[in-house]
Amino acid sequence: MKDITKYQGVIPAFYACYDAEGNISTEGVKALTRHLIAKGVKGVYVGGSSGECIYQHVDERKAVLEAVMSEAKGKLTVIAHVGCNNTADSVELARHAESVGVDAIASIPPIYFHLPEYAIAKYWNDMSAAAPNTEFVIYNIPQLAGTGLTMSLLREMLKNSNVVAVKNSSMPTQDIQMFKDAGIAARGEGNFVVFNGPDEQFVSGRVIGADGGIGGTYAVMPELYLAMNEHINKGEIEAARAIQYDADRIIYKMCEAHGNLYAVQKEILRRMYGLELGGVREPMPGLIPEDEPIVAEAQAMIEAAIAKL
């Protein structure tokens, strides 16, 4: 039996942290890690979409993961997204992630070119082979990657014993059930995990069978997702749904800004907790003065929602 309890719960997708010159801020990374430990989350998902991975060099991504591990090892579950736009860099990051002791590595499929399933499987299996003692999480986000996880591809990947989970960010919640059924059929009950990806449907994802969630807005309001998760575990669906509605309204408000969602969230964390995490890396748009009332209102909505718990 695998220990899947380390994946059950609320796992924020870790934000990219920059200094005033736009370089990686390892001090910011460490501060955000300590903040999330104090909030009581289950783990962190490092180097994914929220970590702006496609805009960072391999050495930068290594530095971020090393800084996270310096604070998180033994305190949080750490999943390192290692996918790059070529296999060689992905393999290098996978090998590095295992060397620093992460719990699992993860990857999106190859982006841009629509490759056949056997090529996608080889891409993932090559990464897994570079980290043979580390579990592997398939990251399904077809609306951004351009390629969706099919049942035939999942069945092929389940031949790799290190594949323990799918991070499912497709919008249909039924995908969670389908992926979980396939994983249990191959591994047995209690040996396969599916994470809910879309933050706006954390409750519905958990109710249909997701073991936990990995999301890009968890870090700015972890209290809300932790409370949703606790209510779900107790079967208190109406209470969980009410908090989900609050979280969704906050997400919609933050998305009204000219600046990217991650820029808004990092500014809110600066105002609420003094965390200096910088902006976002171009070509993602940063905040402009006209975003001020949106940021202020979103912060007030977060504070009000937390106060209601």
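These figures come from a predicted structure and were not determined experimentally. (Residues numbered from 1 in each chain as written. Predicted model: local features only at pLDDT ≥ 70, side-chain atom pairs only at ≥ 80, totals over all residues. Heavy atoms only, no water.)

Participant: Mind showing me how you'd approach the overall build of the protein chain here?
Facilitator: Scanning the protein chain for helices and strands turns up 12 helices and eight strands. Over its C-alpha atoms the protein chain spans a radius of gyration of 18 Å, differing by no more than 12% from the 19 Å that the globule rule assigns to 309 residues. With the C-alpha coordinates of the protein chain rotated into their principal frame, the extents come out at 50 × 45 × 35 Å. Counting only residues that meet the buried cut, the protein chain has 57% of its 309 residues in that class. Across the protein chain, every contact between residues at least 6 apart in sequence was considered, and the portion connecting residues at least 24 apart equals 75%. Accessible surface computed for the protein chain: about 12,700 Å², of which carbon and sulfur atoms make up 52%. Taken together, the 27 basic and 38 acidic charged side chains of the protein chain have centroids lying 5 Å from each other. (Helix = DSSP H or I, 4+ residues; strand = E, 2+ residues; numbered from the N terminus. Rg over C-alpha atoms; globule rule 2.2 N^0.38 Å. Buried < 20%, exposed > 50% of the residue type's maximum accessible area, 1.4 Å probe, protein only. Contact = heavy atoms within 4.5 Å. Areas by Shrake-Rupley, 256 points an atom, 1.4 Å probe, with all protein chains shown as cover. Lys, Arg positive; Asp, Glu negative; His and termini not counted. Charge placed at Lys NZ, Arg CZ, Asp CG, Glu CD.)

Participant: Help me understand the pairing of strand 7 (residues 193-196), please; the structure alone is not making it clear to me.
Facilitator: A regular strand places its side chains so that they alternate between the two faces of the sheet. Here strand 7 shows no split at all, with Val 193 and Phe 195 on one side and Val 194 and Asn 196 on the other all buried. Both strand 6 (residues 163-168) and strand 7 contribute to a ladder of four bridges, which runs parallel. Directly across from Ala 165, in strand 7, lies its bridge partner Val 193. Assessed by its sense of winding, the connection that carries the chain from strand 6 through helix 7 (residues 174-187) to strand 7 is right-handed. Examined bridge by bridge, strand 7 and strand 8 (residues 212-215) share two bridges and lie parallel to one another. Residue pairing across strands places Phe 195 opposite Gly 212, the latter belonging to strand 8. At this point the chain moves from strand 7, through helix 8 (residues 202-208), to the parallel strand 8, and the crossover so formed is right-handed. (Pairing = 2+ DSSP bridges. Right-handed = clockwise from strand over helix to strand, strands pointing away.)

Participant: Help me out: how do you make sense of the sheet that holds strand 7 in this one?
Facilitator: In a beta sheet, neighbouring strands are held together by backbone hydrogen bonds and run either parallel or antiparallel to one another. An order of 1-8-7-6-5-4-3-2 is seen for the eight strands of this open sheet, with the pairing classed as parallel. Of all strands in the sheet, those bounded by a partner on one side alone are strand 1 (10-12) and strand 2 (43-46). When the angles between neighbouring strand axes are averaged without regard to direction, this sheet yields 25°. Of the strands in this sheet, strand 2 and strand 3 (77-81) touch helix 2 (residues 58-72), which is tilted by about 175° from strand 3. Contacting strand 4 (104-107) and strand 5 (135-140), helix 4 (residues 117-130) runs over the sheet at an angle of about 160° to strand 4. (Axes fitted to C-alpha atoms, helices over the stretch in contact; angles between N-to-C directions.)

Participant: Could you clarify how one ought to interpret the side chain of Ser 169 in this entry?
Facilitator: If you trace the backbone, Ser 169 turns up in the loop between strand 6 and helix 7. Within polar-contact distance, the side chain of Ser 169 engages the side chain of Lys 167 at 3.2 Å. (Polar contact = N/O pair within 3.5 Å; in protein donor to acceptor, adjacent residues only side chain to side chain.)

Participant: Just to check I follow, could you spell out the environment of Ala 219 for this structure?
Facilitator: Note on placement: Ala 219 falls in the loop between strand 8 and helix 9 (222-233). Classification of Ala 219 by relative accessible area gives buried; the value is 1%. Through-space distance from the C-alpha of Ala 219 to that of Val 203 is 17 Å; in sequence the pair is 16 residues apart. What Ala 219 contacts, discounting residues up to four positions off in sequence, is Pro 12, Tyr 15, His 35, Leu 36 and Leu 269.

Participant: What exactly am I supposed to notice about the pattern of salt bridges here?
Facilitator: Counting across every chain of the model gives 19 salt bridges. Between Lys 122 and Asp 126 there is a salt bridge whose closest N-O contact spans 2.9 Å. Here Lys 122 pairs with Asp 126, and both are found in helix 4, just four residues apart, close to one helical turn. Where salt bridges share partners, they join Glu 267, Arg 270, Arg 271 and Glu 292 into one cluster. (Salt bridge = Lys/Arg side-chain N within 4 Å of Asp/Glu carboxyl O.)

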